[in-house]
Amino acid sequence: MADKEIPYKIYLNESEMPDSWYNVRADMKKKPAPLLNPGTGKPCTAEELSHVFCDELVKQELNETDAYIPIPQEIRDFYKMYRPSPLVRAYCLEKKLGTPAKIYYKFEGNNTSGSHKLNSAIAQAYYAKKQGLKGVTTETGAGQWGTALSMACSYFDLDCQVYMVKCSYEQKPFRREVIRTYGAKITPSPSNTTEVGRAILKEFPDTNGSLGCAISEAVEAATKQEGYRYVLGSVLNQVLLHQSVIGLETMTALDKYGIKPDVIIGCAGGGSNLGGLISPFMGRKLRGEADYKFIAVEPASCPSLTRGKFAYDFCDTGHVCPLAKMYTLGSEFMPSANHAGGLRYHGMSSILSQLYDDGLMEARAVEQTAVFEAAQQFARIEGILPAPESSHAIKVAIDEALKCKETGEEKTIVFGLTGTGYFDMYAYKAFNDGTMTDYIPTDADLEKGFAGLPKIE
Ligand SMILES: *Cc1c(COP(=O)(O)O)cnc(C)c1O
(Lines give C-alpha, C1' and ligand atoms only; values in the text may rest on other atoms or scores of the structure.)
Protein backbone atom coordinates (compact mmCIF):
# COMPACT_ATOMS: atom_id res chain seq x y z
CA MET A 1 0.00 0.00 0.00
CA ALA A 2 1.26 3.46 -0.84
CA ASP A 3 2.74 5.16 2.16
CA LYS A 4 0.42 8.14 2.07
CA GLU A 5 -2.62 5.91 2.32
CA ILE A 6 -1.53 4.73 5.75
CA PRO A 7 -3.17 6.94 8.38
CA TYR A 8 -1.22 8.63 11.15
CA LYS A 9 -3.16 6.59 13.64
CA ILE A 10 -4.40 3.12 12.89
CA TYR A 11 -7.46 2.33 14.99
CA LEU A 12 -9.43 -0.89 14.92
CA ASN A 13 -13.19 -1.29 14.75
CA GLU A 14 -14.86 -2.94 17.73
CA SER A 15 -15.32 -6.05 15.63
CA GLU A 16 -11.57 -6.23 15.02
CA MET A 17 -10.71 -6.23 18.72
CA PRO A 18 -9.32 -9.51 20.05
CA ASP A 19 -11.84 -11.84 21.70
CA SER A 20 -9.13 -14.12 23.11
CA TRP A 21 -5.74 -13.58 24.67
CA TYR A 22 -2.80 -15.34 23.04
CA ASN A 23 -0.67 -17.66 25.15
CA VAL A 24 2.78 -17.85 23.56
CA ARG A 25 3.80 -20.80 25.76
CA ALA A 26 1.60 -23.04 23.61
CA ASP A 27 3.96 -22.43 20.66
CA MET A 28 7.23 -22.52 22.59
CA LYS A 29 9.20 -25.70 22.03
CA LYS A 30 11.18 -25.14 25.21
CA LYS A 31 8.62 -24.18 27.85
CA PRO A 32 9.50 -21.76 30.63
CA ALA A 33 10.57 -23.58 33.78
CA PRO A 34 7.82 -24.06 36.40
CA LEU A 35 7.53 -22.09 39.64
CA LEU A 36 9.03 -24.06 42.51
CA ASN A 37 7.89 -24.39 46.08
CA PRO A 38 10.86 -23.04 48.09
CA GLY A 39 10.16 -25.55 50.88
CA THR A 40 10.06 -28.75 48.82
CA GLY A 41 12.01 -27.68 45.71
CA LYS A 42 9.19 -29.26 43.65
CA PRO A 43 6.98 -27.48 41.08
CA CYS A 44 4.15 -25.58 42.76
CA THR A 45 0.80 -27.30 42.45
CA ALA A 46 -2.39 -25.46 41.59
CA GLU A 47 -3.54 -26.16 45.13
CA GLU A 48 -0.48 -24.48 46.66
CA LEU A 49 -0.73 -21.46 44.38
CA SER A 50 -4.43 -21.05 45.13
CA HIS A 51 -3.61 -19.94 48.68
CA VAL A 52 -1.95 -16.86 47.22
CA PHE A 53 -3.60 -16.29 43.82
CA CYS A 54 -7.20 -16.44 42.50
CA ASP A 55 -8.22 -19.86 41.18
CA GLU A 56 -8.81 -18.88 37.56
CA LEU A 57 -5.51 -16.99 37.46
CA VAL A 58 -3.70 -20.06 38.80
CA LYS A 59 -5.14 -22.02 35.87
CA GLN A 60 -3.88 -19.39 33.45
CA GLU A 61 -0.49 -19.34 35.17
CA LEU A 62 -0.06 -23.07 34.66
CA ASN A 63 -1.65 -23.35 31.21
CA GLU A 64 1.01 -23.98 28.59
CA THR A 65 -1.13 -25.79 26.04
CA ASP A 66 -4.03 -23.52 25.03
CA ALA A 67 -2.84 -20.95 22.49
CA TYR A 68 -6.01 -18.88 22.84
CA ILE A 69 -7.89 -18.17 26.05
CA PRO A 70 -11.24 -16.37 25.62
CA ILE A 71 -11.53 -12.91 27.17
CA PRO A 72 -14.71 -12.82 29.30
CA GLN A 73 -17.36 -10.40 28.01
CA GLU A 74 -17.18 -8.21 31.17
CA ILE A 75 -13.47 -7.61 30.56
CA ARG A 76 -14.02 -6.94 26.87
CA ASP A 77 -16.68 -4.37 27.83
CA PHE A 78 -14.20 -2.60 30.10
CA TYR A 79 -11.49 -2.75 27.42
CA LYS A 80 -13.89 -0.97 25.06
CA MET A 81 -13.78 2.12 27.30
CA TYR A 82 -10.13 2.78 26.51
CA ARG A 83 -9.17 0.34 23.77
CA PRO A 84 -8.17 -0.18 21.06
CA SER A 85 -5.10 1.89 21.80
CA PRO A 86 -3.78 3.76 18.78
CA LEU A 87 -0.92 2.50 16.65
CA VAL A 88 0.74 5.73 15.56
CA ARG A 89 3.06 6.29 12.61
CA ALA A 90 5.82 8.56 13.93
CA TYR A 91 6.02 10.56 10.70
CA CYS A 92 7.32 13.66 12.52
CA LEU A 93 10.07 11.75 14.31
CA GLU A 94 11.11 10.02 11.07
CA LYS A 95 11.38 13.38 9.33
CA LYS A 96 13.35 14.90 12.17
CA LEU A 97 15.78 11.98 12.19
CA GLY A 98 16.02 12.00 8.40
CA THR A 99 15.69 8.23 8.35
CA PRO A 100 14.26 6.04 5.61
CA ALA A 101 12.95 3.75 8.38
CA LYS A 102 9.24 3.67 9.12
CA ILE A 103 8.53 4.01 12.81
CA TYR A 104 5.30 3.01 14.56
CA TYR A 105 4.45 3.09 18.22
CA LYS A 106 1.62 1.45 20.11
CA PHE A 107 0.50 4.01 22.69
CA GLU A 108 -0.82 2.58 25.97
CA GLY A 109 -0.92 5.83 27.93
CA ASN A 110 -4.52 6.77 27.00
CA ASN A 111 -6.12 5.77 30.29
CA THR A 112 -5.99 7.28 33.77
CA SER A 113 -3.44 4.76 35.08
CA GLY A 114 -1.15 6.20 32.41
CA SER A 115 0.15 2.81 31.31
CA HIS A 116 -0.61 -0.62 29.89
CA LYS A 117 -1.06 -2.03 33.42
CA LEU A 118 -4.83 -1.60 33.32
CA ASN A 119 -5.04 -4.42 30.72
CA SER A 120 -4.10 -6.99 33.33
CA ALA A 121 -5.51 -5.18 36.40
CA ILE A 122 -9.05 -5.38 35.06
CA ALA A 123 -8.67 -9.09 34.28
CA GLN A 124 -7.24 -9.90 37.70
CA ALA A 125 -9.93 -7.88 39.51
CA TYR A 126 -12.62 -9.61 37.46
CA TYR A 127 -11.47 -13.11 38.43
CA ALA A 128 -11.15 -12.09 42.09
CA LYS A 129 -14.71 -10.77 42.04
CA LYS A 130 -16.01 -13.87 40.28
CA GLN A 131 -14.44 -16.03 42.98
CA GLY A 132 -16.41 -14.07 45.59
CA LEU A 133 -13.34 -12.58 47.27
CA LYS A 134 -13.50 -9.48 49.46
CA GLY A 135 -10.38 -7.91 48.11
CA VAL A 136 -6.83 -8.10 46.80
CA THR A 137 -3.42 -6.91 47.93
CA THR A 138 -0.49 -5.83 45.82
CA GLU A 139 2.70 -3.81 45.69
CA THR A 140 3.51 -0.88 43.47
CA GLY A 141 6.84 0.69 42.61
CA ALA A 142 6.55 3.73 40.38
CA GLY A 143 2.79 3.68 41.07
CA GLN A 144 1.23 2.82 37.71
CA TRP A 145 0.26 -0.68 38.75
CA GLY A 146 -1.26 0.52 42.04
CA THR A 147 -3.28 3.08 40.11
CA ALA A 148 -4.43 0.56 37.53
CA LEU A 149 -5.44 -1.97 40.16
CA SER A 150 -7.29 0.61 42.24
CA MET A 151 -9.26 1.59 39.10
CA ALA A 152 -10.08 -2.03 38.33
CA CYS A 153 -11.10 -2.82 41.92
CA SER A 154 -13.35 0.19 42.22
CA TYR A 155 -15.07 -0.85 38.97
CA PHE A 156 -15.84 -4.30 40.40
CA ASP A 157 -16.39 -3.03 43.96
CA LEU A 158 -13.50 -4.96 45.51
CA ASP A 159 -11.31 -3.87 48.41
CA CYS A 160 -7.78 -2.99 47.30
CA GLN A 161 -4.68 -2.72 49.52
CA VAL A 162 -1.52 -1.36 47.96
CA TYR A 163 1.99 -1.49 49.44
CA MET A 164 3.94 1.28 47.76
CA VAL A 165 7.76 1.34 47.76
CA LYS A 166 8.59 4.01 50.35
CA CYS A 167 10.80 6.32 48.28
CA SER A 168 8.20 6.36 45.54
CA TYR A 169 5.39 7.00 48.06
CA GLU A 170 7.30 10.04 49.26
CA GLN A 171 8.37 11.26 45.81
CA LYS A 172 5.01 10.88 44.14
CA PRO A 173 2.33 12.32 46.41
CA PHE A 174 -0.03 12.86 43.48
CA ARG A 175 0.20 9.23 42.35
CA ARG A 176 -0.80 8.36 45.88
CA GLU A 177 -3.85 10.65 45.74
CA VAL A 178 -5.04 9.16 42.46
CA ILE A 179 -4.90 5.72 44.07
CA ARG A 180 -6.84 6.99 47.10
CA THR A 181 -9.39 8.65 44.84
CA TYR A 182 -10.20 5.20 43.47
CA GLY A 183 -10.74 4.02 47.05
CA ALA A 184 -7.67 1.86 47.62
CA LYS A 185 -5.79 1.75 50.91
CA ILE A 186 -2.14 2.62 50.44
CA THR A 187 0.76 1.87 52.82
CA PRO A 188 4.41 2.87 52.37
CA SER A 189 6.65 -0.20 52.37
CA PRO A 190 8.41 -1.49 54.37
CA SER A 191 5.77 -0.92 57.04
CA ASN A 192 5.11 -2.19 60.53
CA THR A 193 1.77 -3.70 59.42
CA THR A 194 3.37 -7.04 58.47
CA GLU A 195 5.88 -9.40 60.09
CA VAL A 196 8.18 -9.29 57.10
CA GLY A 197 8.01 -5.49 56.99
CA ARG A 198 8.88 -5.25 60.68
CA ALA A 199 11.84 -7.63 60.20
CA ILE A 200 13.18 -5.63 57.27
CA LEU A 201 12.77 -2.36 59.17
CA LYS A 202 14.61 -3.81 62.14
CA GLU A 203 17.57 -4.80 59.98
CA PHE A 204 17.54 -1.73 57.70
CA PRO A 205 15.75 1.11 59.54
CA ASP A 206 16.65 3.72 56.90
CA THR A 207 15.73 1.67 53.84
CA ASN A 208 13.94 3.37 50.94
CA GLY A 209 12.11 0.15 50.28
CA SER A 210 12.18 -2.01 47.18
CA LEU A 211 9.73 -3.87 45.00
CA GLY A 212 10.95 -7.21 46.37
CA CYS A 213 10.18 -6.06 49.88
CA ALA A 214 6.74 -4.60 49.03
CA ILE A 215 5.83 -7.89 47.32
CA SER A 216 6.63 -9.82 50.51
CA GLU A 217 4.41 -7.51 52.55
CA ALA A 218 1.52 -7.71 50.08
CA VAL A 219 1.69 -11.52 49.94
CA GLU A 220 1.70 -11.74 53.73
CA ALA A 221 -1.25 -9.37 53.95
CA ALA A 222 -3.20 -11.49 51.46
CA THR A 223 -2.54 -14.81 53.16
CA LYS A 224 -3.39 -13.46 56.63
CA GLN A 225 -6.78 -12.00 55.74
CA GLU A 226 -9.80 -14.17 55.04
CA GLY A 227 -11.18 -13.62 51.53
CA TYR A 228 -8.10 -11.89 50.12
CA ARG A 229 -5.63 -12.90 47.43
CA TYR A 230 -2.45 -11.34 46.12
CA VAL A 231 -2.17 -9.95 42.58
CA LEU A 232 0.94 -8.93 40.66
CA GLY A 233 1.28 -6.46 37.80
CA SER A 234 4.14 -8.00 35.83
CA VAL A 235 6.57 -10.95 35.58
CA LEU A 236 3.96 -13.75 35.85
CA ASN A 237 2.76 -15.77 32.86
CA GLN A 238 -0.86 -14.69 33.45
CA VAL A 239 0.13 -11.01 33.19
CA LEU A 240 1.92 -11.54 29.88
CA LEU A 241 -1.17 -13.41 28.71
CA HIS A 242 -3.48 -10.45 29.48
CA GLN A 243 -1.03 -8.00 27.95
CA SER A 244 -1.16 -9.93 24.67
CA VAL A 245 -4.06 -7.61 23.76
CA ILE A 246 -1.35 -5.06 22.93
CA GLY A 247 0.35 -7.37 20.45
CA LEU A 248 -2.88 -8.76 19.00
CA GLU A 249 -4.24 -5.28 18.27
CA THR A 250 -0.87 -4.25 16.81
CA MET A 251 -0.79 -7.30 14.58
CA THR A 252 -4.36 -6.80 13.31
CA ALA A 253 -3.66 -3.12 12.59
CA LEU A 254 -0.44 -3.85 10.69
CA ASP A 255 -1.96 -6.76 8.80
CA LYS A 256 -4.88 -4.53 7.81
CA TYR A 257 -2.49 -2.30 5.88
CA GLY A 258 -0.15 -5.05 4.75
CA ILE A 259 2.72 -3.75 6.87
CA LYS A 260 5.39 -6.20 7.96
CA PRO A 261 7.52 -5.07 10.89
CA ASP A 262 11.24 -5.88 10.83
CA VAL A 263 12.14 -4.83 14.35
CA ILE A 264 9.89 -4.85 17.43
CA ILE A 265 11.15 -3.06 20.51
CA GLY A 266 9.89 -2.75 24.07
CA CYS A 267 11.20 -1.69 27.45
CA ALA A 268 11.60 -4.49 29.95
CA GLY A 269 11.00 -4.22 33.69
CA GLY A 270 9.33 -7.48 34.66
CA GLY A 271 8.57 -8.10 31.01
CA SER A 272 4.79 -7.71 30.75
CA ASN A 273 4.41 -4.99 28.11
CA LEU A 274 7.21 -6.41 25.99
CA GLY A 275 5.89 -9.94 26.35
CA GLY A 276 2.39 -8.74 25.47
CA LEU A 277 3.55 -6.74 22.46
CA ILE A 278 5.77 -9.43 20.96
CA SER A 279 3.82 -12.60 21.87
CA PRO A 280 1.67 -12.95 18.72
CA PHE A 281 4.63 -12.04 16.50
CA MET A 282 6.85 -14.46 18.40
CA GLY A 283 4.15 -17.08 17.81
CA ARG A 284 4.52 -16.59 14.06
CA LYS A 285 8.29 -16.81 14.39
CA LEU A 286 8.08 -19.97 16.51
CA ARG A 287 5.71 -21.57 14.00
CA GLY A 288 8.08 -20.64 11.15
CA GLU A 289 5.57 -18.31 9.46
CA ALA A 290 7.58 -15.08 9.65
CA ASP A 291 10.73 -13.66 11.14
CA TYR A 292 11.23 -10.55 13.23
CA LYS A 293 13.97 -9.04 15.34
CA PHE A 294 12.82 -8.46 18.91
CA ILE A 295 14.73 -6.16 21.24
CA ALA A 296 14.21 -5.89 25.00
CA VAL A 297 15.54 -2.62 26.44
CA GLU A 298 16.52 -2.39 30.08
CA PRO A 299 18.27 0.22 32.25
CA ALA A 300 22.05 -0.15 32.49
CA SER A 301 21.54 0.33 36.24
CA CYS A 302 19.30 -2.77 36.53
CA PRO A 303 20.54 -5.07 33.75
CA SER A 304 18.84 -8.40 34.45
CA LEU A 305 18.89 -9.76 30.88
CA THR A 306 22.22 -8.37 29.70
CA ARG A 307 24.24 -9.08 32.85
CA GLY A 308 22.08 -11.31 35.04
CA LYS A 309 22.20 -15.07 35.60
CA PHE A 310 19.60 -17.51 34.24
CA ALA A 311 18.76 -19.32 37.44
CA TYR A 312 16.04 -20.10 39.94
CA ASP A 313 15.63 -17.18 42.29
CA PHE A 314 13.35 -15.73 44.89
CA CYS A 315 10.75 -13.35 43.49
CA ASP A 316 10.76 -11.22 46.63
CA THR A 317 13.08 -10.03 49.39
CA GLY A 318 11.22 -11.80 52.19
CA HIS A 319 11.32 -15.14 50.33
CA VAL A 320 7.63 -15.85 50.85
CA CYS A 321 6.88 -16.34 47.10
CA PRO A 322 7.57 -19.36 44.89
CA LEU A 323 10.95 -19.56 43.13
CA ALA A 324 11.05 -18.65 39.45
CA LYS A 325 13.68 -19.52 36.85
CA MET A 326 14.59 -16.26 35.20
CA TYR A 327 17.37 -13.90 34.27
CA THR A 328 18.04 -12.27 37.60
CA LEU A 329 20.39 -10.02 39.53
CA GLY A 330 19.47 -11.72 42.81
CA SER A 331 16.56 -10.82 45.07
CA GLU A 332 18.78 -8.60 47.23
CA PHE A 333 19.92 -6.48 44.31
CA MET A 334 18.85 -2.84 44.54
CA PRO A 335 19.45 -0.36 41.76
CA SER A 336 21.58 2.59 42.83
CA ALA A 337 19.73 5.52 44.41
CA ASN A 338 20.30 7.76 41.37
CA HIS A 339 18.19 5.46 39.17
CA ALA A 340 15.12 7.56 38.40
CA GLY A 341 12.53 5.57 36.52
CA GLY A 342 10.77 2.26 37.04
CA LEU A 343 12.15 -0.97 35.53
CA ARG A 344 13.89 -1.74 38.80
CA TYR A 345 12.79 -5.33 39.42
CA HIS A 346 15.69 -7.75 39.95
CA GLY A 347 14.29 -10.49 37.69
CA MET A 348 12.57 -10.97 34.35
CA SER A 349 9.50 -12.92 33.25
CA SER A 350 10.27 -16.65 32.89
CA ILE A 351 8.73 -16.66 29.40
CA LEU A 352 10.96 -13.83 28.15
CA SER A 353 13.97 -15.28 29.96
CA GLN A 354 13.52 -18.58 28.14
CA LEU A 355 13.00 -16.89 24.75
CA TYR A 356 16.10 -14.79 25.33
CA ASP A 357 18.14 -17.80 26.40
CA ASP A 358 17.02 -19.62 23.25
CA GLY A 359 18.34 -16.74 21.13
CA LEU A 360 14.88 -15.71 19.91
CA MET A 361 15.11 -12.20 21.36
CA GLU A 362 17.92 -9.67 21.84
CA ALA A 363 18.47 -7.34 24.79
CA ARG A 364 20.16 -3.98 25.21
CA ALA A 365 20.96 -1.93 28.28
CA VAL A 366 20.84 1.86 28.07
CA GLU A 367 21.92 4.62 30.44
CA GLN A 368 19.37 6.96 31.89
CA THR A 369 20.68 10.31 30.65
CA ALA A 370 20.57 8.92 27.09
CA VAL A 371 17.04 7.68 27.82
CA PHE A 372 15.91 11.15 28.93
CA GLU A 373 17.53 12.74 25.88
CA ALA A 374 15.41 10.42 23.75
CA ALA A 375 12.35 11.22 25.89
CA GLN A 376 12.86 14.94 25.40
CA GLN A 377 13.37 14.57 21.67
CA PHE A 378 10.23 12.46 21.38
CA ALA A 379 8.13 14.82 23.52
CA ARG A 380 9.16 17.79 21.42
CA ILE A 381 8.45 16.22 18.07
CA GLU A 382 5.64 13.71 18.67
CA GLY A 383 3.82 15.67 21.35
CA ILE A 384 3.51 12.94 23.98
CA LEU A 385 5.41 13.28 27.25
CA PRO A 386 6.63 9.71 27.67
CA ALA A 387 7.12 7.74 30.88
CA PRO A 388 10.81 7.19 31.68
CA GLU A 389 10.21 3.43 31.32
CA SER A 390 8.77 3.82 27.83
CA SER A 391 11.64 6.11 26.88
CA HIS A 392 14.03 3.16 27.02
CA ALA A 393 12.18 1.77 24.00
CA ILE A 394 12.18 5.19 22.32
CA LYS A 395 15.96 5.40 22.74
CA VAL A 396 16.58 2.10 20.97
CA ALA A 397 13.94 2.80 18.29
CA ILE A 398 15.82 6.02 17.49
CA ASP A 399 19.15 4.15 17.47
CA GLU A 400 17.75 1.59 15.04
CA ALA A 401 16.25 4.30 12.83
CA LEU A 402 19.60 6.12 12.72
CA LYS A 403 21.31 2.87 11.70
CA CYS A 404 18.87 2.71 8.77
CA LYS A 405 19.89 6.24 7.88
CA GLU A 406 23.49 5.06 7.53
CA THR A 407 22.68 1.95 5.54
CA GLY A 408 19.74 3.35 3.60
CA GLU A 409 17.53 0.46 4.69
CA GLU A 410 13.79 1.14 4.81
CA LYS A 411 13.07 -1.02 7.80
CA THR A 412 9.78 -0.93 9.65
CA ILE A 413 10.30 -0.42 13.37
CA VAL A 414 7.51 -0.90 15.91
CA PHE A 415 7.92 -0.02 19.55
CA GLY A 416 5.73 -0.02 22.63
CA LEU A 417 5.06 3.41 24.10
CA THR A 418 3.81 2.09 27.41
CA GLY A 419 2.75 5.27 29.15
CA THR A 420 2.95 8.92 30.02
CA GLY A 421 5.38 10.56 32.42
CA TYR A 422 3.32 13.22 34.24
CA PHE A 423 4.15 11.75 37.64
CA ASP A 424 7.86 11.51 36.89
CA MET A 425 8.58 15.21 36.98
CA TYR A 426 11.30 14.91 39.62
CA ALA A 427 13.22 12.74 37.18
CA TYR A 428 12.57 15.16 34.34
CA LYS A 429 13.61 17.99 36.65
CA ALA A 430 16.95 16.30 37.38
CA PHE A 431 17.46 15.87 33.66
CA ASN A 432 16.49 19.48 32.87
CA ASP A 433 18.70 20.78 35.69
CA GLY A 434 21.63 18.75 34.40
CA THR A 435 21.99 16.91 37.70
CA MET A 436 20.99 13.48 36.42
CA THR A 437 23.85 10.99 36.49
CA ASP A 438 24.43 7.47 35.22
CA TYR A 439 25.50 4.60 37.36
CA ILE A 440 26.42 1.24 35.96
CA PRO A 441 26.86 -1.42 38.64
CA THR A 442 30.32 -2.96 38.76
CA ASP A 443 30.84 -6.70 38.50
CA ALA A 444 31.55 -6.67 42.23
CA ASP A 445 28.16 -4.99 42.88
CA LEU A 446 26.46 -7.71 40.86
CA GLU A 447 28.37 -10.50 42.61
CA LYS A 448 26.77 -9.43 45.88
CA GLY A 449 23.34 -10.00 44.38
CA PHE A 450 24.33 -13.35 42.84
CA ALA A 451 25.64 -14.52 46.21
CA GLY A 452 22.04 -14.49 47.46
CA LEU A 453 20.75 -16.88 44.77
CA PRO A 454 19.26 -20.06 46.23
CA LYS A 455 21.30 -23.20 45.67
CA ILE A 456 19.18 -25.31 43.36
CA GLU A 457 20.13 -28.14 40.94
C1 LIG B 1 5.27 -0.92 34.75
C2 LIG B 1 5.66 -0.20 33.56
C3 LIG B 1 6.66 -0.69 32.71
C4 LIG B 1 7.46 -1.93 32.97
O5 LIG B 1 6.80 -3.09 33.31
P6 LIG B 1 6.76 -4.34 32.37
O7 LIG B 1 6.07 -5.37 33.15
O8 LIG B 1 8.18 -4.71 32.05
O9 LIG B 1 6.01 -3.94 31.18
C10 LIG B 1 6.94 0.01 31.56
N11 LIG B 1 6.31 1.16 31.27
C12 LIG B 1 5.35 1.66 32.07
C13 LIG B 1 4.71 2.96 31.69
C14 LIG B 1 5.00 1.00 33.24
O15 LIG B 1 4.05 1.50 34.02
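The model shown is predicted, which means the values in this text are computed figures rather than measured ones.

Undergrad: Can you walk me through the pattern of salt bridges in this structure?
TA: Between side chains of opposite charge, a pair can form when the charged atoms approach closely. Evaluated as defined, the whole model comprises 25 salt bridges. With a shortest N-O distance of 3.4 Å, E410 and K102 are connected by a salt bridge. Note that E410 is positioned in the loop between α16 (388-407) and β15 (412-417) and K102 in strand β5 (residues 102-107), a separation of 308 residues in sequence. Here E410 falls in the exposed class, since its relative accessible area comes to 57%. Overall, K102 belongs to the buried group, its relative accessible area being 18%. Among the ionic contacts, a cluster of salt bridges with common partners joins K293, E362, R364, E400 and K403.

Undergrad: What am I meant to see in the site of the ligand here?
TA: Residues in close proximity to the ligand total 17 residues, the closest being K117, S234, S272, N273 and T418. Within the side chain of H116, a nitrogen or oxygen atom sits 3.1 Å from an oxygen atom of the ligand. Within the side chain of S234, a nitrogen or oxygen atom sits 2.4 Å from an oxygen atom of the ligand. Within the complex, 94% of the 380 Å² of free accessible area of the ligand lies under protein. When its residues are assigned to classes, the shell around the ligand shows four nonpolar, eleven polar and two charged.

Undergrad: Explain the packing of helix α9 (residues 195-203) against helix α10 (residues 211-224) here, please?
TA: When two helices pack together, their arrangement is given by the angle between their axes and by how far apart the axes lie. Following both chains from N to C, one finds α9 and α10 inclined at 150°, their axes separated by 8 Å at the closest point. Put simply, α9 runs roughly antiparallel to α10. Contact residues: α9 offers E195, V196, G197 and I200, while α10 offers C213, S216, E217, E220 and K224. Considering only residue class, the contact of α9 with α10 consists of three nonpolar, two polar and four charged.

Undergrad: I would appreciate a short explanation of the environment of M251 in the present structure.
TA: By the element assignment, M251 lies in helix α11 (residues 237-256). For M251 and G114, which are 137 residues apart along the polypeptide, the C-alpha to C-alpha distance reads 22 Å. Excluding anything up to four places from it in sequence, M251 contacts P280, F281 and R284.

Undergrad: It is not clear to me how the packing of helix α5 (residues 118-130) against α11 should be interpreted in this structure. Could you clarify?
TA: The interhelical angle for the contact between α5 and α11, taken along N-to-C directions, is 125°, at an axis separation of 8 Å. Between α5 and α11, the angle is such that the two are oblique. Like other packed secondary-structure pairs, α5 and α11 cross with a definite hand, here right-handed. On α11, the residues touching N119, S120, A123, Q124 and Y127 of α5 are Q238, V239, H242, Q243, V245 and I246. Partitioning the contact of α5 with α11 into residue classes produces five nonpolar, six polar and no charged.

Undergrad: Explanation requested: the side chain of E298 in the structure shown.
TA: With respect to the helices and strands, the residue E298 is situated in strand β11 (residues 293-299). It turns out E298 is buried and unbridged, and the closest side chain with the opposite charge, R307, is 8.1 Å from it. For E298, the side chain forms a polar contact with the side chain of T306, separated by 2.6 Å. Excluding residues that lie within four positions of it along the chain, E298 makes contacts with A268, P303, S304, L305, T306, R307, M348, R364, A365, V366 and H392.

Undergrad: Any chance you could explain helix α15 (residues 368-382) here in plain terms?
TA: Working note: α-helix, 3.6 residues per turn, so residues spaced by three or four point in the same direction. Compared with the 21 Å implied by 1.5 Å per residue over 15 residues, the 20 Å span of α15 between its first and last C-alpha is a close match. Buried within α15 we find Q368, T369, V371, F372, A374, A375, F378 and E382. If you follow the buried residues of α15, they end up packed against α4 (91-97), β5, β14 (362-366), α16, β15 and α17 (425-433). Just beyond α15, the residue with positive phi is G383, at close to 90°.

Undergrad: What exactly am I supposed to notice about the nonpolar core here?
TA: Note that soluble globular proteins tend to have their nonpolar side chains buried in a common cluster. Judged by nonpolar contacts, the single largest core of 76 residues is most densely connected at W21, I75, Y79 and M361. Excluding residues that lie within four positions of it along the chain, I75 makes contacts with W21, I122, A123, Y126 and Y127. V371, I394, L417 and A427 belong to the second-largest nonpolar core, a separate cluster that totals 34 residues.

Undergrad: Even after reading the chapter, I still don't get the packing of aromatic side chains, so can you show me in this structure?
TA: For any two aromatic rings, the description comes down to two numbers: the centre-to-centre distance and the angle of the planes. Counted by the stated rule, this structure contains 18 aromatic pairs. Here F78 and Y155 contribute two aromatic rings whose centre-to-centre distance is 4.7 Å and whose plane-to-plane angle is 65°, an arrangement assigned as edge-to-face. One end of the pair, F78, is in helix α3 (residues 73-82); the other, Y155, is in helix α6 (residues 144-156), with 77 residues separating them in the sequence. Note on F281 and Y292: the rings are 5.3 Å apart at their centroids and 85° apart in plane angle, and the pair reads as edge-to-face. With F281 in helix α12 (residues 272-286) and Y292 in the loop between α12 and β11, the pair connects residues that are eleven residues apart, well separated along the chain. We classify F281 as buried; its relative accessible area is 2%.

Thresholds, definitions, all that
Per-chain numbering applies: the sequence of each chain, read as written, is numbered from 1 onward. In keeping with the model being predicted, local features are shown solely for residues with a pLDDT of at least 70 and side-chain atom pairs are shown and tallied solely at 80 or more, while totals for entire chains, interfaces and linings include all residues. Water and hydrogen atoms were dropped before computing side-chain values, which therefore reflect all heavy atoms in the structure. A pairing counts as a salt bridge when a side-chain nitrogen of Lys or Arg comes within 4 Å of a carboxyl oxygen of Asp or Glu. Numbering of helices and strands runs from the N terminus, with a helix taken as a DSSP run of H or I at least four residues long and a strand as a DSSP run of E at least two residues long. Summary of the burial criterion: residues with accessible area below 20% of their type's maximum are buried, those above 50% are exposed, and those between are partly exposed, where the area comes from a 1.4 Å probe applied to protein chains only. Any residue with a heavy atom positioned within 4 Å of a molecule or strand is treated as near that molecule or strand. Polar contact criterion, stated in full: a pair of N or O atoms within 3.5 Å, where within protein one must be able to donate a hydrogen and the other to accept it, and residues adjacent in sequence count only if both atoms are side-chain atoms. Every accessible area reported is derived by Shrake-Rupley at a probe size of 1.4 Å, with residue values counting cover from the shown protein chains alone. Each residue gets one of three labels, nonpolar for Ala, Val, Leu, Ile, Met, Phe, Trp, Tyr, Cys and Pro, charged for Asp, Glu, Lys and Arg, and polar for the others, Gly among them. Note on geometry: axes are lines fitted to C-alpha atoms, helical ones only across the stretch in contact, with angles between N-to-C directions running from 0 to 180 degrees. Should an angle fall under 35 degrees it is called roughly parallel, over 145 degrees roughly antiparallel, and 65 to 115 degrees roughly perpendicular, with every other angle called oblique. Throughout, a contact is declared for two residues whenever any of their heavy atoms are within 4.5 Å. The sense of a crossing depends on the near helix, which, turned anticlockwise from the far helix by less than a right angle, makes the crossing left-handed and, turned clockwise, makes it right-handed. Positive charges come from Lys and Arg, negative ones from Asp and Glu, while His and the chain ends are left out of the count. To estimate how far a helix should reach, multiply one less than its number of residues by 1.5 Å. Note on terminology: a nonpolar core comprises buried Ala, Val, Leu, Ile, Met, Phe, Trp, Tyr and Cys residues joined through side-chain atoms within 4.5 Å. What counts as a ring pair is set by centres within 6.5 Å for rings of Phe, Tyr and Trp (its six-membered ring), and what kind of pair is set by the plane angle: stacked under 30 degrees, edge-to-face over 60, tilted for all other angles.

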